[in-house]
Amino acid sequence: MTGRILDGNKIRDEIKAELADQIRDLKSVGVTPGLAAVLVGENPASQLYVRSKVKNCESLGLYSEKIELTADTTQPQLLELIDKLNRRDEIDGILVQLPLPPQIDSKVILGAVSPAKDVDGFHPVNVGQLVSGRPGLVPCTPAGIIEILVRSQIPIKGARAVVMGRSDIVGKPVAMLLLHNHATVTICHSRTRDLPLVASEADILVAAMGKAALVTGDFIKPGATVIDVGQNVLKTEEEVRRVFHDPTLPLQHLAAKGSVLVGDVQPEDMKEKSGAYTPVPGGVGPLTIAMLMANTVQAARLRRGLRTAAASQP
Ligand code: GUN
């Protein structure tokens, strides 16, 4: 069997088209939603993500600002910037790209962002809203995963869902969203005993452990839906040979581009054993950015007491 590809780029474009209509309506009443993206230091992956987030906002007619600070920025300096952004009326969403440099406590920073402008959904108030099933701003990647499942007509209600990974950014919030959508949810992690056995009970398997191709065929129930959240960069021929059964094409890619992107799921096994799967790249990644824009539009509405669109919670 060959799994159906869940095309994240196509779903992202659908969502962007819907958002474009909503932004046009908001502009007609004098509101242009605005996003401030804050980047501290020179992490190349973070630079790439933030550039892509800002570019996508601009392409939709949102107002956006990229604020870049040096790696030696202190916690009080960053708190001062966030305080200013919290007060600026034209800024509806504030995103502080993670990870932050070691001298800064990310929990303190995320707690300082106004919950009303917290488009990442990382503030404890929004975490609490999510857990208790109240409307709020929901983390982007988990919200995007639900969009992929719903728009691809993958049944969630009653399904066995296994989430591999317990991060605050993906694992915990996606488990909560799946639960609210009536799945039976198991969260597992690096200390779970017999990971393949637990994973292979899943109708919906979400891989978010951050380990290249950790999930192999024996983790996947035949016909399961596999959502691969991993973004791991392979840089050597040895790594590529270790991950791929047939390394011919990936090795060509490595020679041409200098690296190969691979998810947390072994791509050939996923294609062969799943019923449907998100490829890497082109699966979950595009949705994260689409949901950031959706959250910015929602934050703009919420702050002005305007009616909100449907969220990813039932
Ligand atoms: N770093 C990795 N993923 C994310 C995300 O979704 N938001 C932010 N702010 N930083 C990240």
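Residues numbered from 1 in each chain as written. Predicted model: local features only at pLDDT ≥ 70, side-chain atom pairs only at ≥ 80, totals over all residues. Heavy atoms only, no water.

Visitor: I keep staring at the site of the ligand and nothing clicks. Help me out?
Guide: Around the ligand sit Lys53, Leu95, Val96, Gln97, Leu98, Asp120 and Phe122, and those are all the residues in its vicinity. In the environment of the ligand, a nitrogen atom lies 3.0 Å from a nitrogen or oxygen atom belonging to the backbone of leucine 98. In this structure, a nitrogen atom belonging to the ligand sits 2.6 Å away from a side-chain N or O atom of aspartate 120. Protein burial of the ligand: of its 270 Å² of free accessible surface, 82% is covered by the chains. For the ligand, the cavity whose grid points lie within 2 Å of the majority of its atoms is the largest pocket. (Near = heavy atom within 4 Å. Polar contact = N/O pair within 3.5 Å; in protein donor to acceptor, adjacent residues only side chain to side chain. Areas by Shrake-Rupley, 256 points an atom, 1.4 Å probe, with all protein chains shown as cover. 1 Å grid on protein atoms, 1.4 Å probe; cavity = no way out; pocket = protein on both sides within 12 Å on 5 of 7 lines; lining within 4 Å. Sits in = over half its atoms within 2 Å of the grid points.)

Visitor: Can you help me understand unusual backbone geometry in this one?
Guide: Trans peptide bonds make up most of the peptide bonds, and negative phi angles are found at most residues other than glycine. Here the bond from leucine 98 into proline 99 is cis, since omega is 0 degrees, no more than 30 degrees from zero. With respect to the secondary-structure elements, proline 99 resides in the loop between β4 (93-96) and α4 (106-112). Following valine 280, the chain continues to proline 281 via a peptide bond in cis, the omega torsion being -5 degrees. You can see proline 281 is positioned in the loop between β11 (276-277) and α12 (284-303). Its identity is not glycine, yet glutamine 153 carries a phi of approximately 55 degrees, on the positive side. Here glutamine 153 falls in the exposed class, since its relative accessible area comes to 67%. Of note in the backbone geometry, alanine 213 takes a positive phi value of approximately 50 degrees without being a glycine. Secondary-structure assignment places alanine 213 in the loop between β7 (204-207) and β8 (225-228). (Helix = DSSP H or I, 4+ residues; strand = E, 2+ residues; numbered from the N terminus. Buried < 20%, exposed > 50% of the residue type's maximum accessible area, 1.4 Å probe, protein only.)

Visitor: I would appreciate a short explanation of empty space enclosed by the protein in the present structure.
Guide: Rolled over the atoms, a probe sized like a water molecule indicates the empty space that remains. Scanning the model with the defined rule gives 1 cavity of 30 Å³ or more in all. Around the largest cavity, the lining residues are Ile94, Leu95, Val96, Leu110, Val113, Asp118 and Asp120. Residue contributions to the lining of the largest cavity peak at 3 residues, all from β4. Residues belonging to the lining of the largest cavity are distributed by class as follows: 5 nonpolar, no polar and 2 charged. (Points joined across faces, edges and corners; volume = space filled by probe spheres on them. Nonpolar A, V, L, I, M, F, W, Y, C, P; charged D, E, K, R; others polar.)

Visitor: Could you clarify how one ought to interpret the layout of surface pockets in this entry?
Guide: In this model, the largest pocket occupies a volume close to 1,500 Å³. Residue assignment for the lining of the largest pocket shows that the elements contributing at least two residues are α1 (8-28), α2 (44-59), α6 (140-151), β9 (232-234), α10 (248-257), β10 (260-262) and α12. The element best represented in the lining of the largest pocket is α2, accounting for 10 residues. Broken down by class, the residue content of the lining of the largest pocket amounts to 23 nonpolar, 18 polar and 9 charged. Computed from the structure, the second largest pocket encloses a volume of approximately 510 Å³. Where the lining of the second largest pocket is concerned, the elements lending two or more residues are α10, β10 and α11 (267-273). Per element, the largest residue contribution to the lining of the second largest pocket is 4 residues, and it comes from α11. Among the residues forming the lining of the second largest pocket, the class breakdown is 14 nonpolar, 2 polar and 4 charged.

Visitor: Help me understand the sheet that holds strand β6 (residues 184-188), please; the structure alone is not making it clear to me.
Guide: Taken together, the 6 strands give an open sheet; going across it, the order is β1-β11-β8-β7-β5-β6, and neighbouring strands pair in parallel fashion. Edge strands, defined here as strands with exactly one partner in the open sheet, are β1 (4-5) and β6. The sheet contact formed by strand β5 (residues 160-164) and β6 spans 5 bridges and is parallel. Counted as the bridge partner of arginine 160 is threonine 184 from β6. (Pairing = 2+ DSSP bridges.)

Visitor: Please explain the environment of arginine 307 as it appears in this structure.
Guide: Relative to the helices and strands, arginine 307 is located in the segment after α12. On a C-alpha basis, the gap between arginine 307 and lysine 53 in space is 25 Å, while along the polypeptide they are 254 residues apart.

Visitor: I would appreciate a short explanation of the pairing of β5 in the present structure.
Guide: Along any regular strand, the residues point their side chains to alternate faces of the sheet. For β5, the buried fraction is high: 4 of the 5 residues fall into the buried class. Sheet topology places β5 next to β7; 4 bridges connect them, and they run parallel. Note that in β7 the partner of valine 163 across the bridge is valine 206.

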